[in-house]
Amino acid sequence: MSQSLDELFELLRKASAPVEIAAVQHAIWEVWLDSGDPALNKHLEEGMRALAAEEYTRAIAEFTHLVEQRPTWAEGWNKRATAHYLRGGYRASLLDIQETLRLEPRHFGALSGWAGMLQLLGDERGALRILQRLARLCPQMPGLQARIRDLRDQLPEADN
């Protein structure tokens, strides 16, 4: 029995135990990582292998093929955002994160990455805003509330 993404996200919103959250996130990733096309899935696998080997240029090429062939598949954009980030291309990564979230506004991986990058770039207010958006998807995500509190503590009272 397969659940829809909407059903899985409802379960994620209600989940409270770390093991339960991880299981629901895993089920969501399984849906996101399947393009429905074996040839595209092969490019995804190759890109992920390149990422693991720290061959970011090759990974970006594989993920670029995905976004060109299936521009409506959010995960192609998300994986390319990750590769750009790991190569130090923050601007390119942010642009791909924006496209990921346009296609799948609930993409918790993209939201978390975006918040982390904003914080790295010194935009604590922006990072806090994104983490609050993430908290609406999964309020009990391990470590999330602590990240939000830490960011709030770094901002002047008026910004909270």
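What counts and how
Residues numbered from 1 in each chain as written. Predicted model: local features only at pLDDT ≥ 70, side-chain atom pairs only at ≥ 80, totals over all residues. Heavy atoms only, no water. Phe/Tyr/Trp six-rings, centres within 6.5 Å; stacked < 30°, edge-to-face > 60°. Helix = DSSP H or I, 4+ residues; strand = E, 2+ residues; numbered from the N terminus. Buried < 20%, exposed > 50% of the residue type's maximum accessible area, 1.4 Å probe, protein only. Expected span 1.5 Å × (residues − 1).

Enquirer: Can you lay out the packing of aromatic side chains for me, pointing to particular residues and giving the numbers?
Expert: In this structure the tally under the stated criterion is six aromatic pairs. Centroid distance Trp32 to Phe108: 4.9 Å. Interplanar angle 40 degrees. Geometry classified as tilted. Of this pair, Trp32 sits in helix 2 (residues 18-32) while Phe108 sits in helix 7 (residues 108-120), placing them 76 residues apart in sequence. Take Trp32 and Phe108: they sit in the same class, and that class is buried. Following the ring pairs from residue to residue traces out a cluster consisting of Phe9, Trp29, Trp32 and Phe108.

Enquirer: Before we move on, can you summarise helix 5 (residues 74-86) with the specific residues and values?
Expert: For helix 5, spanning 13 residues, the distance from its first C-alpha to its last is 19 Å, which sits close to the expected 18 Å at 1.5 Å a residue. Taken across its 13 residues, helix 5 has ten buried, putting it largely inside the fold. Looking only at helix 5, the buried set comprises Ala74, Glu75, Gly76, Trp77, Asn78, Lys79, Arg80, Ala81, Ala83 and His84. Gly88 sits one or two positions beyond helix 5 and adopts a positive phi of about 95 degrees.

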